[in-house]
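This is what each chain is made of:
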Number of protein chains: 2
Amino acid sequence: MGSRHPDRRDFLKRGAAFAGGLSLGAVDPVIGQTPPADQDVEDQDWSSPELIAYGERSRYETSVRVPHGGRPSPDAFGLVFHVATPLQDQVGIITPSALHFTNTTRGAIIPNIDPREHRFMIHGLVDRPLIFTMDDLKRLPSVTRLHFVECAGNRSRPQHVTVQETHGNTSCAEWTGVLLSTLLNEAGVKDAGTWIVAEGVESVKGASSIPMAKAMDDCLVCYGMNGEAVRPQQGHPLRLLVPGFEGIFNVKWLRRIKVVDRYYMTYNDYGHLRREPHDAALTYQIGPKSVITYPSGGQQLPDRGFYEIRGLAWSGTGAVSRVEVSTDGGGSWMDAEIRGAAHPMAHTAFSFHWTWDGREAELMSRCTDELGQVQPTRAEAAAFWRPGAVYPGTPDEPLRVTGQDNSIQPWRVESDGSVHNAIA
Amino acid sequence: MGSRHPDRRDFLKRGAAFAGGLSLGAVDPVIGQTPPADQDVEDQDWSSPELIAYGERSRYETSVRVPHGGRPSPDAFGLVFHVATPLQDQVGIITPSALHFTNTTRGAIIPNIDPREHRFMIHGLVDRPLIFTMDDLKRLPSVTRLHFVECAGNRSRPQHVTVQETHGNTSCAEWTGVLLSTLLNEAGVKDAGTWIVAEGVESVKGASSIPMAKAMDDCLVCYGMNGEAVRPQQGHPLRLLVPGFEGIFNVKWLRRIKVVDRYYMTYNDYGHLRREPHDAALTYQIGPKSVITYPSGGQQLPDRGFYEIRGLAWSGTGAVSRVEVSTDGGGSWMDAEIRGAAHPMAHTAFSFHWTWDGREAELMSRCTDELGQVQPTRAEAAAFWRPGAVYPGTPDEPLRVTGQDNSIQPWRVESDGSVHNAIA
């Protein structure tokens, strides 16, 4: 601290020499009490009715979802979009609704539905088939819960560069709606009703078979998301939420649920086609998973010194109970801090204080859930992948849907501060 | 249930005659298993790059903020906007960022700030004055917390029609940032530093005096809101959060904090002008408060039968510990269900199951916080209002800022199902 006006770059290079408790290498000390020069601040046109009604984000904020490669679809449309959440920009645990990942599975359509016209029916093996309007549903006992939704194919391209590309098909929102059990009890499920099939309004009918035990446990028929109506890309005006199950079960634009007496194999089960029906339900839950979002692939550490490593952990079977971090490629593990309450089947934020010494490092995180399940290494996970489930993908890049990949993600920090996906 | 195809309106009028456990008067029973007719569903143009990047809400969703009358401003601009959250449409506890209330207090401006150029300084009675870039701040230990922000003048027009008008100047978000104590400790507060003054970038400088005990307790320097960057109307790229204190302390577009040795009375303290400085800090906290959002003023109950009464409760001094509901104008009170965890200084959702018998009713809610403070009746609250603080308001409607009004809100349900503000 000899110079009264140290050159900023020089100061940064000296890294941890700063006097404060956190060794904040990157902070400018200032002498005297002169505030920063007034910025050339431009004002928004605040008289705009749009700004009053519904305030948008700063035009300087450019975090967006990105599409990732087309994948084959058995439907007639021939084209689907997978749009991934920018997890590298994530703060907190709520994914902004506008940035929630969207995977269309039944053609590249997003319907515009008038909620006043929408109806939801429960029928099949019930005593009283019922049709609900949206207003009917909003009169009923409701719940609000934080839950993630994740595509089972998240990480199907594990060698990609950024965390948005490797893990961006998971998002977390505050969902509000009616417990499905409330509606099923109102309809009266007959003894023979052991499964449900849920269907949306798509032209290619989506339908998922879900065991009655799950339907009666914690499934939600949701009209609210992050404080407002569910957005069109998430199923406006009504979607099914099946906490912890693979994303495809969370049927959007929900129009009916039929109570049936057995598992029906549908288009939605293409990922389970090689399985026996009586085994399928056992594999619906997302395994314990975590990923470091900062620092992550494609990012650049400006200098040595203090960093808060941050990331997300989640499990389809319950709450996250522990997150560990390694900075030496798995040689040693230390407990990360779980931030706030760990909600069941919800993204859980973790952090770990790290002072980077400027040498190569490999960052990893490992999640343990409340059942004691531990996120596996890549080698451990590969032992469970289905060898047969290979899809043609694009000409340049065959797509292998080998089953859920919840293996540990390594990020390599080079000595120049660049961060790379350590999966070759 | 004699008719196999009961006329819907007739069925609704019969109200609670339905066979299900919840007496869902408004639900259509259906015979057989015919699904609702296919809707004329229009698809979004999903090839739009904007839809991929950042998904917007349904064009059928029209919940918006509304401006409420101009109020006098001592600044040169002569015009301020107060834009209230549509609490009547609220689901869950998070206010969507686009619908977060906004009150400008220093002229009707919303600056567009480039976060790469923004600097934040801590100076004054500290050992090491510091200037932080946004990147500096994002390297530091961070926290994520749910907190409400509420204007002290919320309910300054208690006789208004809707809950948006009476209570819409409170909102709740998931805030992410650095504890102010982390930054102050890094700068090193001198013994004489007993207060801070926080300032934003506005042309009319905003500044608030905050006791050091609060600054070191739970104040946040926030860059994140509901999972993304703080929005311009909320202070992008950086705002101060002072949990539980009146909204004006939560300085937007934060550029500096000066550590000082006493309370400074500033423009921001206009609401406290008649007070002694040494008393002022004792009155900064928002009192225990609650309001029923459904059913609320201006809404219409379609028929007799089951309703879930829903609302929000909050307190500036800690977590909500109890919410009671009365359906007979305060004659009797019953415990409502607190939904999910009650976070300190955060909106807390509550609900209460009610079967409306079609007769006049008066709905009220009452909050008790963890300190045991109970939300007062209107008469009890009025005893504490400041008699002198009257502002001219608009020609048609004098504005009385009499101090925080946290009194119980009554909604009257008429026999025709219409809901009205019961404050004459």
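Everything below is about the structure shown above.
Residues numbered from 1 in each chain as written. Chains lettered and ligands numbered in written order. Predicted model: local features only at pLDDT ≥ 70, side-chain atom pairs only at ≥ 80, totals over all residues. Heavy atoms only, no water.

Visitor: Before we move on, could you go through the side chain of A:H167 and cite the residues and values that matter?
Guide: Residue and element names in this part refer to chain A. Mapping H167 onto the fold places it in helix α4 (residues 163-167). Accessibility expressed as a relative area gives 0% for H167, which makes it buried. A distance of 2.7 Å separates a polar atom in the side chain of H167 from a polar atom in the side chain of T166. (Helix = DSSP H or I, 4+ residues; strand = E, 2+ residues; numbered from the N terminus. Buried < 20%, exposed > 50% of the residue type's maximum accessible area, 1.4 Å probe, protein only. Polar contact = N/O pair within 3.5 Å; in protein donor to acceptor, adjacent residues only side chain to side chain.)

Visitor: Kindly report on the packing of aromatic side chains, identifying the contributing residues and their values.
Guide: The geometry of an aromatic ring pair is captured by two quantities: the separation of the ring centres and the angle between the planes. All names here are of chain A. Applying the stated criterion across every chain yields a total of 14 aromatic pairs over all chains. On the basis of an interplanar angle of 25° and a centroid distance of 6.2 Å, the ring pair of F120 and F132 is categorised as stacked. With F120 in strand β7 (residues 119-124) and F132 in strand β8 (residues 130-133), the pair connects residues that are twelve residues apart, well separated along the chain. F132 carries the same exposure label as F120, and that label is buried. Each ring, one from Y307 and one from W354, has its centre 6.4 Å from the other, and the planes form 45°; the classification is tilted. One end of the pair, Y307, is in strand β18 (residues 305-314); the other, W354, is in strand β22 (residues 348-356), and 47 residues separate them in sequence. (Phe/Tyr/Trp six-rings, centres within 6.5 Å; stacked < 30°, edge-to-face > 60°.)

Visitor: Explain empty space enclosed by the protein to me, using residue names and the numbers behind them.
Guide: Under the definition given, this model contains seven cavities of 30 Å³ or more. There is about 170 Å³ of room inside the largest cavity. Residue lining of the largest cavity: 19 residues in total, with A:S97, A:R231, B:P96, B:S97 and B:R231 positioned closest to the centre. Grouping the constituent residues of the lining of the largest cavity by class yields eight nonpolar, five polar and six charged. (1 Å grid on protein atoms, 1.4 Å probe; cavity = no way out; pocket = protein on both sides within 12 Å on 5 of 7 lines; lining within 4 Å. Points joined across faces, edges and corners; volume = space filled by probe spheres on them. Nonpolar A, V, L, I, M, F, W, Y, C, P; charged D, E, K, R; others polar.)

Visitor: An account of the sheet that holds strand β17 (residues 289-294) of chain B is requested, with residue identities and associated values reported.
Guide: Residues and elements named next belong to chain B. Within the open sheet, the four strands sit side by side as β17-β18-β22-β21. Their pairing is antiparallel. At either end of the open sheet lies a strand with only one pairing partner, and these are β17 and β21 (337-339). Across the sheet, the axes of successive neighbouring strands diverge by a mean angle of 35°, strand direction being ignored. Relative to strand β22 (residues 348-356), β21 runs antiparallel, the two being bridged by three bridges. Directly across from R339, in β22, lies its bridge partner A349. (Pairing = 2+ DSSP bridges. Axes fitted to C-alpha atoms, helices over the stretch in contact; angles between N-to-C directions.)

Visitor: Break down the sheet that holds strand β19 (residues 320-326) of chain A for me, citing the residues and quoting the values.
Guide: Strand order in the open sheet made by the five strands is β20-β19-β23-β26-β27 (chain A), with antiparallel pairing throughout. A strand with exactly one partner marks an edge of an open sheet, and here the two such strands are β20 (334-335) and β27 (419-421) of chain A.

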